[in-house]
Amino acid sequence: MRRLLYLLPIALLAALGIAFTVGLGRDPQKLPSVLLGKPAPSFALPSIDGSAGGFASTELKGKVSLINVWASWCPPCRVEHPILMDIAKSGIPIYGINYKDKPEDATRFLANLGNPYVGIGADRDGKVAIDFGVYGYPETFITDRDGIIRYKHVGPINKLDWERTLAPIVQELMRK
Amino acid sequence: MIAEFGHFALTLALAVAVVQSTLPLIGAARGDAGLMALAPAGAMAQFGLVALAFGALMHAYIVSDFSLAAVAQNSHTAKPMLYKIAGTWGNHEGSMLLWALILALYGAAVAAFGGNLRDTLKARVIAVQGAIGFGILAFILFTSNPFARLESAPFDGQSLNPLLQDPGLAFHPPLLYLGYVGLSTTFSFAVAALIEGKVDAAWARWVRPWTLAAWGFLTAGITLGSWWAYYELGWGGWWFWDPVENASFMPWLAATALLHSAIVAEKRDALKAWTVFLAIVAFALSLLGTFLVRSGVLTSVHAFASDPTRGVYILLFLVVTVGAAFVLFAWRGPTLAGTGRFDPVSREGALLINNFGLTVAAASILLGTLYPLFLDVLGAGKVSVGAPYFQRVFIPMMVPMLLIMAVAPMLSWRSANAGRAVASLKWAGVIAFAVGFGVWLSIDRASALASFGMALAAWVFAATVYELATRSRTWRGLLRQPRVSWGMTLAHAGIAIAVAGMTASSAWKVEDIRVMKPGETTEISGYQITFTNVVDLRGPNYTAMRGTFEVRSGGAAVTTLQPEKRIYDVGRMPTTEAAIRPTVLGDLYAVIGDPDGQGGYVVRLYFNPLVAWMWTGALIMVLGAGLSLSDRRARATRPLDASAQAAA
């Protein structure tokens, strides 16, 4: 019995090693989304302060938009934020889904760093994020004029991601 | 030419590592003094060669030799000299070479200062150190060669990320590595002891100073990183539970546990197998940190140079190194039963609780950090674990730890009277209650938890001072306290001060964000702040917009704050340079943002109470480690001599 206890570390290391080996083959940024090509799930979220009319799926119709899932407690969201501000300045509407955040923290985050969103829904219990199949934060979706999800980006958008991948998709969808 | 010379030195170092890691082991097994003597010689040679290679690489950065791929990608002629030099380790290839250099440095240090070690143990420790060196050098040479040349040299380099061009961050990696890699020495000691099958008081005594040195550097490195995040990232926070921050925090927790369990192993001949296990785990967590940063298995703000081949190599290295140690542990561990018996209530018992708490804390952080990866591998979808998890799990675990930490030094070895120890601390209890209740009444009735945090800090501090007082009795006795015991007192007092700083700066931060026009005045935490003007400046490799704020308190001028927003020439990346006025009671912190187009600027002002206490507390902990190390008794290698007994 005592012997077995001393073997435990090897077992744990082996488990860790296997998990890492499998994990190495996967890119944490690349994820399939079952929702690609399907309409965004329907929802109507309150705004951060709890009042009605934060962000509803009906608003997505008629224009190409970005949906960004973020939280004030998520450091990569802060890193991504300046890029979102730039995108917003270029006139592309960005909707925010504020994931499991405290209202005062979320408000402070936006007051601090600026608000790039045309509308924000507060997803306090994370249910809408589950409907969207959100895995990591931040995560950004592109929807077309019919409100259909066309692209999904996991993790912070950096300048290169935007210029090389996301911006061309947005332009393509706008042209249609 | 110099770069080729460096490359050659590195290759030679690899060959030396092969000799260093094999022949002394054979010598130790056969009792051949000649072969064993190869160990210190090899360690010295390896250090010399790696230092030459590192010097050659640094030279390439100083003269901006852009024919080297690593230099072209990470340096620039217009960069100030400090950052050209710091650029040597500000990227994947160079930082791995720094890793190898520090590893070789520790190997050479064992060779130089380990004169009193048993010959066989010394040979084996250095051989294991050589084996680790072999793995790292092979990794550098085959997957991340810093001396790789480009076909044609570009006219100028791509520069270092402007966020990293900061004096605090220039020294953060070397300090952190001195800590991380320092744990390789305790690992080598553990493996050597397992090979010998002998863990005695002498072994534990030898391990302690090396653990202490690594722990001190790790504390300093983590603090510097957190301080950098505080003033450079410009959002007033200092810890984000990012995977890479966690990667440095886990070895720190393990090293702290090791520091305490080695005392029990030395003084009481108990917890021996556990101490050996911790020594292995502490270094395993260091390697894990390296793996997480370099492989890209987790998304993190810090993750750099993600490359699957490198990831595979480091993983292989981790599994082989730690796996071999664990196999040895499974084989020899059961024979390491100690002779020391103790009651649950005793100094040993308290240190055991300390170890339990620190280990569980490290494990829960490991779980939180790796959980997203595990779920992904099991096909259960991807998630991200954020600060809410870590705060909810980590903070409650630290409460009993701090409560017991104050009492433990008052307990006697083997069997203690807990009632008497607690009773002797009644004044510390009264002080803690007064502080907690006073804070609750006068500052904040909304947050009982924060008041409790302040009370805990006061409890640990008062008890630590009381313990020192009872130990020294008179003023003269205080001066006669050995430096080793001052080390413990300072480290514990440092923790108390840092806890007060963490609690206050998290709970009572005052924040004001507004658009201000030059000439306007606002008020925060009793300071009147007048926005005087904004000027454009030209720095060595950036342009900046600098705001000037006159700070007055009750009519008297206090200081002038000049925050900047910089745009670096290369990459056009903006950074914020916060202006901070630190005081004992709190930091006044100002950041200037973008103009609003109507003559106003977005201005962020913070008052961060007691935040300086955090850095001061950490500094006192490092000072404690240094003081302890400077004591001849801590380094004395003849175990259990009379003076050491008295110090205990």
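Residues numbered from 1 in each chain as written. Chains lettered and ligands numbered in written order. Predicted model: local features only at pLDDT ≥ 70, side-chain atom pairs only at ≥ 80, totals over all residues.

### Points about the overall build of chain B
For step 1, the next point in the chain: What chain B contains, in helices and strands, is 21 helices and 10 strands.
For step 2, the next point in the chain: Its C-alpha atoms give chain B a radius of gyration of 26 Å, within 12% of the compact-globule value 26 Å for 648 residues.
For step 3, the next point in the chain: Seen along its three principal axes, the alpha-carbon backbone of chain B occupies a region of about 85 × 75 × 55 Å.
For step 4, the next point in the chain: Relative to its 648 residues, chain B shows a buried fraction of 52%.
For step 5, the next point in the chain: Across chain B, every contact between residues at least 6 apart in sequence was considered, and the portion connecting residues at least 24 apart equals 73%. (Helix = DSSP H or I, 4+ residues; strand = E, 2+ residues; numbered from the N terminus. Rg over C-alpha atoms; globule rule 2.2 N^0.38 Å. Buried ≥ 20, exposed ≤ 12 C-beta atoms within 10 Å, placed from the backbone. Contact = placed C-beta atoms within 7 Å.)

### Observations regarding the overall build of chain A
For step 1, the next point in the chain: Check the secondary structure of chain A and you find 5 helices and 7 strands.
For step 2, the next point in the chain: Secondary structure of chain A in N-to-C order comes out as α-β-β-β-α-β-α-β-α-β-β-α.
For step 3, the next point in the chain: Referenced to the eigenvectors of the C-alpha coordinate spread, the extents of chain A come out at roughly 65 × 35 × 30 Å.
For step 4, the next point in the chain: In chain A, which comprises 176 residues, the proportion classed as buried is 40%.
For step 5, the next point in the chain: In chain A, the proportion of contacts linking residues at least 24 apart, taken out of those at least 6 apart, comes to 72%.

### Re the confidence of the model for chain B
Residue and element names in this part refer to chain B.
For step 1, the next point in the chain: In the predicted model, chain B carries a mean pLDDT of 87, and the fraction of residues at 70 or more is 92%.
For step 2, the next point in the chain: Contacts of residues 637-648 to residues separated by more than four positions or lying in other chains number 19 contacts, the stretch itself having pLDDT below 50.
For step 3, the next point in the chain: Interface confidence in the predicted complex, given as ipTM, is 0.75; pTM for the same model is 0.83. (pLDDT = per-residue confidence, 0-100.)

### Considerations on the domain arrangement of chain B
For step 1, the next point in the chain: Looking at the assigned domains, one finds that chain B contains domain 1 (1-165), domain 2 (167-402), domain 3 (403-508 + 612-619) and domain 4 (510-611).
For step 2, the next point in the chain: The gap between the C-alpha centroids of domain 2 of chain B and domain 4 of chain B is 39 Å. (Domains from an automatic or database assignment.)

### What about helix H9 (residues 243-268) of chain B?
All names here are of chain B.
For step 1, the next point in the chain: In this model H9 runs 37 Å from its N-terminal to its C-terminal C-alpha over 26 residues, within 8% of the 38 Å that 1.5 Å per residue would give.
For step 2, the next point in the chain: Most of H9 sits out of view: 25 of its 26 residues are buried.
For step 3, the next point in the chain: Within two residues after H9, Asp269 carries a phi angle of roughly 55°, on the positive side. (Expected span 1.5 Å × (residues − 1).)

### So, the environment of B:Gln20
All names here are of chain B.
For step 1, the next point in the chain: Position of Gln20 relative to the elements: it lies in helix H1 (residues 2-30).
For step 2, the next point in the chain: For Gln20 and Met405, which are 385 residues apart along the polypeptide, the C-alpha to C-alpha distance reads 42 Å.
For step 3, the next point in the chain: For Gln20, the residues in contact, after removing those within four places along its chain, are Ala39, Gly42, Ala43, Gln46, Ile126, Ala127 and Gly130.

### A short note on the environment of B:Ala86
All names here are of chain B.
For step 1, the next point in the chain: Assignment of secondary structure puts Ala86 in helix H4 (residues 81-86).
For step 2, the next point in the chain: What makes Ala86 buried here is the crowd of 25 C-beta atoms within 10 Å.
For step 3, the next point in the chain: Sequence separation between Ala86 and Ser75 is 11 residues, and the spatial gap between their C-alpha atoms is 9.8 Å.

### Examining the confidence of the model for chain A
For step 1, the next point in the chain: Per-residue confidence for chain A averages 83 on the pLDDT scale, and 92% of its residues sit at or above 70.
For step 2, the next point in the chain: Per-element confidence in chain A ranges from a low mean pLDDT of 79 for helix H4 (residues 127-131) of chain A to a high of 93 for strand E3 (residues 65-70) of chain A.

### Focus on the pairing of strand E2 (residues 521-524) of chain B
All names here are of chain B.
For step 1, the next point in the chain: Examined bridge by bridge, E2 and strand E3 (residues 527-538) share 4 bridges and lie antiparallel to one another. Note on E3: the bridge partner recorded for Thr521 is Thr530.
For step 2, the next point in the chain: Between E2 and E3, which pair antiparallel and follow one another directly, the connecting turn spans 2 residues, one of which, Ser525, has a positive phi of 45°. (Pairing = 2+ DSSP bridges.)

### Comments concerning the packing of helix H7 (residues 167-196) of chain B against helix H8 (residues 201-232) of chain B
Residue and element names in this part refer to chain B.
For step 1, the next point in the chain: The N-to-C vectors of H7 and H8 enclose an angle of 155°; their axes lie 7 Å apart at closest approach. Relative to H8, the element H7 lies roughly antiparallel. The hand of the H7/H8 crossing is left-handed.
For step 2, the next point in the chain: A per-class count over the contact of H7 with H8 returns 22 nonpolar, 9 polar and no charged. (Axes fitted to C-alpha atoms, helices over the stretch in contact; angles between N-to-C directions. Parallel < 35°, antiparallel > 145°, perpendicular 65-115°, else oblique. Left-handed = near helix turned anticlockwise from the far one by under 90°. Nonpolar A, V, L, I, M, F, W, Y, C, P; charged D, E, K, R; others polar.)

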